[in-house]
Amino acid sequence: MKFSLVLMLALACPQRSAPPPADAAAPRIILPDHSAVIVEVASDDATREQGLMYRDHLAEDRGMIFLFPQAGEYPFWMKNTLIPLDMIWMDSAHHIVHIAHDVPPCKADPCPAAKHHLRDGDALRFEGMDAVVVR
């Protein structure tokens, strides 16, 4: 199975300060339970390499989407990642192909993908990403 998208969520991490107000045009992904996750977009080599390194927190409704120019199997190295993540691999039709829970181990319960009852085969809706260029 080839993947073209990876969503990383750190929804179970405690938040240290109030999140900024959500911009209606901000890129976001709508989960099957209708929750919205505001995402940072990693669509080139530099942003994909940096990812969520050195972050000591991520607001509950935030995540990062990794976009690739073509479908493939893209491994992730969690170097310098300080917060627990759920990693969700999707195909080009935005269906979940695989979920890796608790990477590194999650210290909260339930962990992000479980909290939203996500499972392989679920479809996610993308909004506000029409202008994103994938390189």
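Structure: see above.
Before going into details, it helps to say that this report is about the structure given with it. All of these numbers come straight from a predicted model, not from anything done at the bench.

### With respect to the pattern of salt bridges
Then, number 1: Under the definition given, this model contains 7 salt bridges.
Then, number 2: Put simply, Asp44 and Arg135 hold a salt bridge, and the shortest N to O gap is 3.5 Å. Of the two residues, Asp44 is situated in the loop between strand 3 (36-42) and helix 1 (45-50) and Arg135 in the segment after strand 7 (125-127); the sequence distance between them amounts to 91 residues.
Then, number 3: We note a salt bridge from Glu127 to Arg125, for which the minimum N-O separation is 2.8 Å.
Then, number 4: By relative accessible area, which is 46% here, Arg125 ends up partly exposed.
Then, number 5: A cluster of three or more residues bridged by salt bridges with shared partners is formed by Arg28, Arg125 and Glu127.

### Regarding the nonpolar core
Then, number 1: If you look at the biggest cluster of nonpolar residues, it comprises 15 residues, and the most contacted ones within it are Leu7, Ile29, Ile65, Leu118 and Leu124.
Then, number 2: Ignoring any residue separated from it by four or fewer positions in sequence, one finds Leu124 in contact with Leu7, Ile29, Ile30, Leu31, Pro32, Met90, His94, Ile96 and Leu118.
Then, number 3: Counting residues in each nonpolar core, the second largest holds 8 residues, with Leu58, Met64, Phe66 and Ile83 among its members.

### Things to note about the pairing of strand 4 (residues 62-72)
Then, number 1: Burial analysis of strand 4 places 8 of its 11 residues in the buried class, the great majority of the element.
Then, number 2: Note that strand 3 and strand 4 share 5 bridges and pair parallel. Bridging from a neighbouring strand, Val39 pairs with Gly63 of strand 4.

### Regarding the pairing of strand 3
Then, number 1: In terms of strand pairing, strand 2 (residues 28-30) meets strand 3 through 3 bridges, oriented antiparallel. When the sheet's bridge partners are listed, Ile29 is paired in strand 3 with Val37.
Then, number 2: Counting the residues that bridge the hairpin from strand 2 to strand 3 gives 5 residues, and of these His34 lies at a positive phi of roughly 75°.

About the criteria used
- Residues numbered from 1 in each chain as written.
- Predicted model: local features only at pLDDT ≥ 70, side-chain atom pairs only at ≥ 80, totals over all residues.
- Heavy atoms only, no water.
- Salt bridge = Lys/Arg side-chain N within 4 Å of Asp/Glu carboxyl O.
- Helix = DSSP H or I, 4+ residues; strand = E, 2+ residues; numbered from the N terminus.
- Buried < 20%, exposed > 50% of the residue type's maximum accessible area, 1.4 Å probe, protein only.
- Core = buried A, V, L, I, M, F, W, Y, C linked by side-chain atoms within 4.5 Å.
- Contact = heavy atoms within 4.5 Å.
- Pairing = 2+ DSSP bridges.

Purely geometric numbers; function is a separate question.
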